[in-house]
Amino acid sequence: MQLFYNATINEATETFSFDREESKHIIKVLRKKDGDILFVTNGLGFLFKTEIVLASDSKCTVQMVSFEKAAAAPFQLHLVVAPTKMNDRYEWFLEKATEIGIQEITPIICDRSERKVINIERFEKIILSAMKQSNELYLPKLNPTISFKEFMKHKNKGLQLIAHCEETDKKTLKSVLQSNTDVTVLIGPEGDFSEKEIALALEQNYIPVSLGNTRLRTETAAVVACHSVVFFNEK
């Protein structure tokens, strides 16, 4: 199934048109024509079956045939990950985490962060593309960049975990996870969290966890954490 995206449609929509770029792709590249079926999501769990009624490469118009809604995951996974020095590594994490099944992502600026500015629009496009490619029906939420100190003022639901490399008392990620429970995991930059940041997180009742015996890159640690939580909750 090839999946398309339109943020504006809902259960009451009868007809709608794709924008010029998507219309050109549908008609010129995919060679779709009147009467062809397209599957579309709004990123909110809905799968809409539509039929092309105007095969225009500038304004492809479809009418609704039917729709269904997929059940949401019984838990919410929120990864709070420091931007990497090389943008492509963070983009790789965004793509893979979306494919695996993350719900929310927050880029966080830490004491040792080498990159403090990101292209949020590019990141959103990567997440959207990964959602469509993997036939996911829920679009992950990408939050604005925030400092570690400011993020610590937020209280998150469920488990609050911080993965770091300091030689201190830590639990394994697997040992602290609970089925169908919301999870927030903090992943630091290449130089790891500072001792001050770790101490602040512990004051806010974050549980220090280990992701394994080897030292992982930021983007690898984030994907490992994402997969571990999703795999743990699979039935």
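These numbers were taken from a predicted model, which means no experiment stands behind them.

**Section: the side chain of Thr 84**
(1) Moving on: As for its placement among the helices and strands, Thr 84 is situated in the loop between β6 (77-81) and α2 (87-100).
(2) Moving on: Looking at Thr 84, its side chain comes within polar contact range of the main-chain nitrogen of Tyr 90, at 3.2 Å.
(3) Moving on: Apart from residues no more than four positions distant in its own chain, Thr 84 is found in contact with Arg 89, Tyr 90, Arg 115, Glu 190, Thr 218 and Glu 219.

**Here we look at the packing of aromatic side chains**
(1) Moving on: Within this structure, the stated rule accounts for eight aromatic pairs.
(2) Moving on: Between Phe 48 and Phe 67 the ring centres are 5.9 Å apart and the planes differ by 45°, which places this aromatic pair in the tilted class. With a gap of 19 residues between them, Phe 48 in strand β4 (residues 46-54) and Phe 67 in strand β5 (residues 61-69) connect regions that are remote in the sequence.
(3) Moving on: Taken together, Phe 4, Phe 16 and Phe 18 form an aromatic cluster joined through their ring pairs.

**Points about the packing of α2 against helix α7 (residues 218-233)**
(1) Moving on: The interhelical angle for the contact between α2 and α7, taken along N-to-C directions, is 5°, at an axis separation of 9 Å. When the axes of α2 and α7 are compared, the pair comes out roughly parallel. On α7, the residues touching Arg 89, Trp 92, Phe 93, Lys 96, Ala 97 and Ile 100 of α2 are Glu 219, Thr 220, Ala 222, Val 223, Cys 226, His 227 and Val 230.

**Remarks on unusual backbone geometry**
(1) Moving on: Phi is positive for Asn 135, which is not a glycine, with a value near 60°.
(2) Moving on: By the secondary structure assignment, Asn 135 is in the loop between α3 (120-133) and β8 (141-142).
(3) Moving on: Given a relative accessible area of 31%, Asn 135 falls into the partly exposed group.
(4) Moving on: Of note, Asn 205 is a non-glycine position whose phi angle comes to about 70°, a positive value.
(5) Moving on: Counting through the fold element by element, Asn 205 comes out in the loop between α6 (195-203) and β13 (207-210).

**A few points about the sheet that holds strand β2 (residues 15-17)**
(1) Moving on: Ordered in space as β1-β3-β4-β5-β2, the five strands form an open sheet in which the pairing is mixed. Both outer strands of the open sheet, β1 (3-5) and β2, are each paired with one neighbouring strand and no more. Neighbour-to-neighbour, the strand axes of this sheet turn through a mean angle of 45°, independent of strand direction.
(2) Moving on: Sheet topology note: the β2/β5 ladder contains three bridges and is antiparallel. Bridging across to β5, Thr 15 finds its partner in Gln 63.
(3) Moving on: Sheet contacts for α3: β1 and β3 (37-41); angle to β1, the most-contacted strand, approximately 145°.

**Topic: the pairing of β13**
(1) Moving on: The sheet contact formed by strand β10 (residues 159-163) and β13 spans three bridges and is parallel. For Leu 161, the partnering residue across the bridge sits in β13 and is Ile 207.
(2) Moving on: Taken together, the two bridges between strand β11 (residues 171-172) and β13 define a ladder with parallel strand orientation. Bridging across to β13, Thr 172 finds its partner in Ser 210.

What counts and what doesn't
- All residue numbers refer to positions counted from 1 along the written sequence of the respective chain.
- For this predicted model, a pLDDT threshold of at least 70 governs which residues receive local features, and a threshold of 80 or more governs which side-chain atom pairs are given and counted, while totals over whole chains, interfaces and linings are taken from all residues.
- As a rule here, side-chain values cover all heavy atoms of the structure and leave hydrogens and water aside.
- Secondary structure is summarised from DSSP: a helix means a run of H or I of at least four residues, a strand means a run of E of at least two, and numbering begins at the N terminus for each.
- A 3.5 Å cut-off defines polar contacts: any pair of N or O atoms within that distance qualifies, except that in protein one atom must be a possible hydrogen donor and the other a possible acceptor, and neighbouring residues in sequence count only when both atoms are side-chain atoms.
- Contact criterion: two residues are considered in contact whenever any of their non-hydrogen atoms come within 4.5 Å of each other.
- Any two of the Phe, Tyr and Trp rings considered here, Trp counted by its six-membered ring, make a pair once their centres fall within 6.5 Å; the pair's planes then place it as stacked at under 30 degrees, edge-to-face at over 60, or tilted in between.
- Orientation is described by lines fitted to C-alpha atoms, with helices fitted over the stretch in contact, and by angles between N-to-C directions that extend from 0 to 180 degrees.
- For classification purposes, an angle smaller than 35 degrees is called roughly parallel, one larger than 145 roughly antiparallel, one from 65 to 115 roughly perpendicular, and anything else oblique.
- Each residue is placed in one exposure class: buried if its accessible area under a 1.4 Å probe, protein chains only, is under 20% of its type's maximum, exposed if it is over 50%, and partly exposed if it falls in between.
- A pair of strands is labelled paired if DSSP reports no fewer than 2 bridges between them.

That is the geometry; function is a separate question.
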